[in-house]
Amino acid sequence: MSSPILTLRNVEKYFEHGPTKTFVLRRINAEIKEGEFVSIMGPSGAGKSTLLHLLGMHDSSWTGEYYLIEHAIHKLNKKDRMELYKKYFGFVFQSYHLLDSLTVYENLDIPLSYRNIKKGERDSIVCDVLDRFQIVGKKDLYPNQLSGGQQQLVAIARAIVASPKIILADEPTGNLHSSQGKEIMDLFKKLNEGGTTIVQVTHNERNAEYGNRVINIVDGWITDTSS
Amino acid sequence: MNALAQDVRFAIRTLWKTPAFTAIALLALALGIGANSAIFTVVNSVLLHPLPFPHPEQICQIYTARFGDSVAMDDRSFVEFEKQSAAFENLSAISGGASSLTGFGEPIPVHGQAVTTGFWPALGVNASLGRTFRKGDDLESVAVLSDKLWRTHFNADQSILGKIVKLDGTPRTILGVMSAGFAFPADAEVWTPLVVNPQPGAGWSYSVIGRLNAGVSIDQARAETKAIAQRLQPKEPHAAESAGVVSLHESLVGKIRPSLYVLLGAVGFILLIACANVANLLLARGAARRQEVAVRASLGASRARLIRQLLTESSLLALCGGALGLLIAFWGVPLLVNLVPDGMIPRLGEVGIDSQVLLFAFLLSLATSLIFGIAPALQLSKARLAGSLKQDDRRITGAQELRSVLVASEIALSLVLLIGAGLMIKSFVRLRSVNPGFNPESTFVLTVDLPFNEEQSAEQLVAYHKQVLDKLSALPGVNSAGAIDWLPFDNALARGDFYTKADSYPAAHLQVSKPGVTPDYFRAMGIRLLRGRSFDNGDTEGSPGVAIVSESVARRAWGDRNPIGKRVTLEDHPKPQDWLTVVGVVDDVKQQNLAEKTPVAAVYQPMTQVIRPFFLFHMAYIVRGGNPSSLPSLMRSRFREVDPNQPIQLMAPMGELVSATTAQPRFYSRMLGAFSAIALLLASLGIYGVMAYSVAQRTREIGIRVALGAQRSDIFRSVMLKSALLVFTGVAVGLAGAIGVTRVLQNLLFDVKPTDAATFAAVSVLLILVALAATYVPARRATSVDPMVALRYE
């Protein structure tokens, strides 16, 4: 394994209600190396998704230190964070969150469009990804014309279309039945073997076995990290 | 460009997927943009377009005297200006011209204008067929027709040139026909030459126009005009102040400008209300799109990119609304033009939708998209990603406050419009209830303009009119019939001084109207005789001169003393036979419009004793009684028995002539009333939408309250109270705004202050009731929330 790609030091997140503070994450110290496949696990309300969204820079109200390779995220403004996010991350959601008014092709195209990639180059990349995921025949369909598993497949394709180094996945198989879920996890494994760092939130022990490390969180604390 | 095309494509799909939202938004925008485009069409054509003449900025109106809102120049000054002015290359005097055309088919009344030969070069126009008259022509015997008259009365006869017609009995050769659309001034149909020839003892006033010489500015022309005017009246220290030059465009449209801008402001309010409505709809829809926007942000969309996409959707909505609005304008402009009372708006014939209106609609649509789209776009694009993307997030965005502000704004704007309409309606009702001094009911009028003939004596004219009256009096059902040379509300009035018997002119001599009337005139018009007697058949040309004065004359001249038997004269230098004995006093009568604050005093003479024949060529015959449906045709045929070749200028119920003077306030009342009705509808929909959304958002909370024991009436009351707070806030802001804004209506109101408390109060109550009524359905819906369903809602 290589050097750390994500490092958290003493990261905390809380909500203030008058004089009291309600902590969602407490003194989080964690390191994820490049190429790892890490699962974040814990009971409901433990702070798993909060941690994942924090890593994905969807949440900016936290304290502590967060390093993405050598970039000190905690010192950056929103614009610079967004630039780094676009360069390094892809996100997969439990509810797929495909854009319903766009076709499969357009859903894959939109992240590239937001990265100001020219149309010709975008077309080439999207076609390549469609082919890679074997969904060329579905490129003109809308999300409501796809099954749950197909939608999540498209969502993963969308997450990797801009060639991110890191994929963050929030319960990626949570809304799928087991056979679909297995296909998705196999895909993640394959991506990880190709060099992509993957961090997933999961309740599912079997899904966690695809990874090489588990971070357990309970009541906002990391209780242990086990391989 | 590519990204923009992408955004447009997505915007079309997004709007297509929500047809109800799109339809309501398009309707609101179409109404707002359409109304604005329609009124702008009128403003553009009347106020902004230059006059349709070559170099119209060089054409001016020149005057040496002011009479209230009107300006004029007397004949002597005109002759001197023609000699002395270096600023103008062509000057022309204009006066009312021929009013009847005979000798070619049915005799008809016409709008004639008499103009000097400089008229055509001053305007820079030529005839499209034949030519116009010029110096050297036999000016007594030529005329030029308008294109409209040539087509309607002469069947567009190509051989019209050289034909002879009679205008006011004078044979005239047709020299030319003007181009289509030319009808200056005042919808003229025929132009005859005017020869300005000042005579001692008489003076005429004209409207004068001229074209500036090259290189001369209007300020320079004004300075020269004042200097010439002062030279012409060296003993009059204020002669220069009364003189001036104004661009012809300004003289035509200057008076109507404020009113048109009031209408434009009113429709601007409607557009703002429509924008607030659409913004509210977008905010409500934004709550449902929160997740989509968060996903786009998580995929790398910057806030600017998100805002751009959202504004693209708003722009598309606004442009489509604008296109529909233009359709409304295409349909509405002709309707609007038809509603405008005659003569109220100049250049009405030029009103039409052109490229400037299309550009206005386009730019307005874009501006509208910014107005209603920017707040929702900013609100939505700052959605918290983490909160929006989580599976189980239930938090509500902070858009509710913004929606409440928008609804309160709609209420405020609607209130201002409604108050404006209320003031105009109250003013109109007050005006309509003014007593004109006579009874116009069951009264019919027929007027004629006999051709001027110097050789006709007053006796001959009186005999003619008596013949007509005798025929009209004999009509079945007619109770009384009379005649007068200057009929009230007939757009013509002769005034002059009158003097009481004294060795020197008294300090308080009055300007009065001096109508000549037949004995039964007062009875036919329903004018009350207050003292003394009316004229009778004993008051002839040979009997002692008598007069009947109006009440204000009696009061001003003699105070409480009995005026019967007193002596008055209407002549500046009276001979003994010019003194008249007052035999009666009648009510004052409104002469020109119901809004006259000071009654125009009148000294009536029997028609048989009018010594100047000039005053007897224009005559109005009034009959009271008879069957209203058959009376007009009977009157026409009886008149024709006396004079088959004389055109009839006017035939109408007297009530119609009175109503015509209230046409302008009626028009403004209707327009503002219609605008405020639209505004009220939009505002009601706005408040309904906000309250319905608020109730839907509070379903869980309401369910919990009911489960904890709240009664339905408690729930109902809480929803109504929330709405009432919004409404009262809007009304308070609206009242403050109305106090400032309604001042612009000052000049349009009759006997009503712009801050009339009763109107403000009544309209506020009306709006509050309507707005609360709009809340009723959502409030009832809130009371029917089933706590079990609501608590399972999550």
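Remember, it's a predicted structure, so these values are computed and weren't measured experimentally. (Residues numbered from 1 in each chain as written. Chains lettered and ligands numbered in written order. Predicted model: local features only at pLDDT ≥ 70, side-chain atom pairs only at ≥ 80, totals over all residues.)

1. Description of the overall build of chain A
Logical step 1: Counting its regular elements, chain A contains seven helices and ten strands.
Logical step 2: Principal axes of the C-alpha set define a box for chain A whose edges measure 55 × 40 × 40 Å. (Helix = DSSP H or I, 4+ residues; strand = E, 2+ residues; numbered from the N terminus.)

2. Here's the deal with the environment of Leu406 of chain B
Residue and element names in this part refer to chain B.
Logical step 1: Position of Leu406 relative to the elements: it lies in helix H13 (residues 399-432).
Logical step 2: Overall, Leu406 belongs to the buried group, with 24 C-beta atoms counted inside 10 Å.
Logical step 3: Through-space distance from the C-alpha of Leu406 to that of Gln456 is 74 Å; in sequence the pair is 50 residues apart. (Buried ≥ 20, exposed ≤ 12 C-beta atoms within 10 Å, placed from the backbone.)

3. Considering the interface of chain A and chain B
Logical step 1: In this complex, chain A contributes 19 residues to the contact, which on the side of chain B involves 21 residues.
Logical step 2: When residues of the side of chain A that touches chain B are traced back to their parent elements, those giving at least two are helix H1 (48-55), helix H2 (78-88) and helix H3 (104-114) of chain A.
Logical step 3: No other element matches the four residues that H3 of chain A contributes to the side of chain A that touches chain B.
Logical step 4: Its residues assigned to classes, the side of chain A that touches chain B shows seven nonpolar, eight polar and four charged. (Contact = placed C-beta atoms within 7 Å. Nonpolar A, V, L, I, M, F, W, Y, C, P; charged D, E, K, R; others polar.)

4. What to know about the pairing of strand S1 (residues 4-17) of chain A
All names here are of chain A.
Logical step 1: Where S1 and strand S2 (residues 20-33) come together, ten bridges link them in antiparallel fashion. The residue bridging Lys13 from the neighbouring strand is Leu25, located in S2.
Logical step 2: In textbook terms, the turn of a hairpin is the stretch between consecutive antiparallel strands, and for S1 and S2 this stretch comprises two residues, one of which, Gly18, has a positive phi near 65°.
Logical step 3: Inspection of the sheet shows S1 paired to strand S4 (residues 63-68) by five bridges, in the antiparallel sense. Its bridge partner being in S4, Glu12 is matched across the sheet by Thr63. (Pairing = 2+ DSSP bridges.)

5. As for the domain arrangement of chain B
Interface size is often expressed as the accessible area that is lost when the parts come together.
Residues and elements named next belong to chain B.
Logical step 1: Taken domain by domain, chain B holds domain 1 (1-53 + 258-395), domain 2 (65-242), domain 3 (398-437 + 660-794) and domain 4 (451-645).
Logical step 2: Between domain 1 and domain 3, the C-alpha centre-to-centre distance is 23 Å.
Logical step 3: Between domain 1 and domain 3, the contact holds 29 residues from the first and 33 residues from the second.
Logical step 4: In terms of residue class, the side of domain 1 that touches domain 3 is made up of 23 nonpolar, five polar and one charged. (Domains from an automatic or database assignment.)

6. So, the environment of Val727 of chain B
All names here are of chain B.
Logical step 1: Summarising the element assignment, Val727 is placed in helix H21 (residues 712-741).
Logical step 2: For Val727, a count of 26 C-beta atoms within 10 Å puts it in the buried group.
Logical step 3: In the structure, Val727 is positioned 142 residues away from Val585 in sequence and 57 Å away in space, judged by C-alpha atoms.
Logical step 4: Setting aside its immediate chain neighbours within four residues, Val727 contacts Ile411, Ile768, Ala771 and Leu772.

7. Notes on the packing of H21 of chain B against helix H22 (residues 757-783) of chain B
Residue and element names in this part refer to chain B.
Logical step 1: At a minimum axis distance of 9 Å, the contact between H21 and H22 shows a crossing angle of 150°. In terms of orientation, H21 lies roughly antiparallel with respect to H22. The crossing of H21 and H22 is right-handed. Counted together, Arg712, Ile715, Phe716, Val719, Met720, Ser723, Ala724, Val727, Val731, Leu735 and Ala738 of H21 and Phe760, Ser764, Leu767, Ile768, Ala771, Leu772, Thr775, Pro778, Ala779, Ala782 and Thr783 of H22 form the full contact between these two elements.
Logical step 2: Looking at the contact of H21 with H22, its residues break down into 17 nonpolar, four polar and one charged. (Axes fitted to C-alpha atoms, helices over the stretch in contact; angles between N-to-C directions. Parallel < 35°, antiparallel > 145°, perpendicular 65-115°, else oblique. Left-handed = near helix turned anticlockwise from the far one by under 90°.)

8. Here's the deal with the nonpolar core
Logical step 1: Ranked by internal contacts, the top residues of the largest apolar core, which has 160 residues, are Ile270, Tyr621, Ile622 and Ala679 of chain B.
Logical step 2: Beyond its immediate chain neighbours, meaning those up to four positions away, Ala679 of chain B contacts Phe269, Ile270, Ile273, Leu413, Ser414 and Leu417 of chain B.
Logical step 3: With 58 residues, the next largest nonpolar core counts Leu98, Leu112, Leu153 and Leu168 of chain A among its residues. (Core = buried A, V, L, I, M, F, W, Y, C linked by C-beta atoms within 7 Å.)

9. Some words on the sheet that holds S4 of chain A
All names here are of chain A.
Logical step 1: Spatial ordering of the open sheet is given by S2-S1-S4-S5, a layout of four strands whose pairing is antiparallel. Looking along the sheet, the strands with just one partner apiece sit at the ends: S2 and strand S5 (71-72).
Logical step 2: Running over the sheet, H1 touches S1 and S2 and is turned about 60° from S2.

10. As for the confidence of the model for chain B
As a note on interpretation, predicted positions should not be read in detail where pLDDT is low.
All names here are of chain B.
Logical step 1: Averaged over all residues, the pLDDT of chain B is 88; the fraction at 70 or higher stands at 94%.
Logical step 2: Taken as a whole, residues 392-396 scores under 50 in pLDDT and shows five contacts with residues more than four places along the chain or in a different chain.
Logical step 3: Reported confidence for the predicted complex is 0.81 by ipTM and 0.82 by pTM. (pLDDT = per-residue confidence, 0-100.)

11. Some thoughts on H21 of chain B
Logical step 1: Between the first and last C-alpha of H21 of chain B there are 42 Å, a value that for 30 residues agrees with the 44 Å anticipated at 1.5 Å per step.
Logical step 2: Along H21 of chain B, the positions that sit buried rather than exposed are Ile715, Val719, Ser723, Leu726, Val727, Gly730, Val731, Gly734 and Ala738 of chain B. (Expected span 1.5 Å × (residues − 1).)

12. What to know about the sheet that holds strand S3 (residues 37-41) of chain A
Paired through their backbone hydrogen bonds, the strands of a sheet run either parallel or antiparallel.
Residue and element names in this part refer to chain A.
Logical step 1: Strand order across the open sheet formed by six strands is S6-S7-S8-S3-S9-S10, with mixed pairing between neighbours. At either margin of the open sheet sits one strand with a lone partner, and together these are strand S6 (89-92) and strand S10 (221-226). Each adjacent strand pair in this sheet contributes to an overall mean axis angle of 15°, direction not counted.
Logical step 2: Across the sheet, H1 lies against S3, strand S7 (166-170), strand S8 (197-201) and strand S9 (213-218), angled at about 150° from S8, the strand it touches most.

13. Considering the packing of helix H9 (residues 257-298) of chain B against helix H11 (residues 355-381) of chain B
Packed helix pairs are characterised by how far apart their axes lie and by the angle those axes make with each other.
Residues and elements named next belong to chain B.
Logical step 1: The N-to-C vectors of H9 and H11 enclose an angle of 30°; their axes lie 8 Å apart at closest approach. What the angle tells us is that H9 and H11 run roughly parallel. Crossing hand, H9 versus H11: right-handed. Together, Leu271, Cys275, Val278, Ala279, Leu282, Leu283, Gly286, Arg289, Arg290 and Val293 of H9 and Thr368, Ile371, Phe372, Gly373, Ala375, Pro376, Gln379, Leu380 and Ser381 of H11 make up the contact between the two elements.

14. Remarks on the environment of Asp59 of chain A
Logical step 1: Mapped onto the elements of the fold, Asp59 of chain A is located in the loop between H1 and S4.
Logical step 2: C-beta crowding within 10 Å serves as the criterion here: with 20 such atoms nearby, Asp59 of chain A is assigned to the buried category.

15. Section: unusual backbone geometry
Logical step 1: With an omega dihedral of -5°, the bond running from Phe184 of chain B to Pro185 of chain B counts as a cis peptide bond.
Logical step 2: Secondary-structure assignment places Pro185 of chain B in the loop between strand S11 (170-178) and strand S12 (190-193).
Logical step 3: With a phi close to 40°, Arg27 of chain A is a non-glycine residue in the positive phi region.
Logical step 4: Mapped onto the elements, Arg27 of chain A comes out in strand S2.
Logical step 5: Of note, Met57 of chain A is a non-glycine position whose phi angle comes to about 60°, a positive value.
Logical step 6: The residue Met57 of chain A is located in the loop between H1 and S4 in this model.

16. Details of the pairing of strand S3 (residues 70-74) of chain B
Residues and elements named next belong to chain B.
Logical step 1: Summarising the sheet, strand S2 (residues 65-67) and S3 pair through three bridges and their orientation is antiparallel. When the sheet's bridge partners are listed, Phe67 is paired in S3 with Ser70.
Logical step 2: Count of turn residues in the S2/S3 antiparallel hairpin: two residues, of which Gly68 carries a positive phi of about 65°.
Logical step 3: In the sheet, S3 pairs with strand S13 (residues 205-212) via two bridges, with the strands oriented antiparallel. Within the sheet, the bridge partner assigned to Met73 lies in S13 and is Tyr206.

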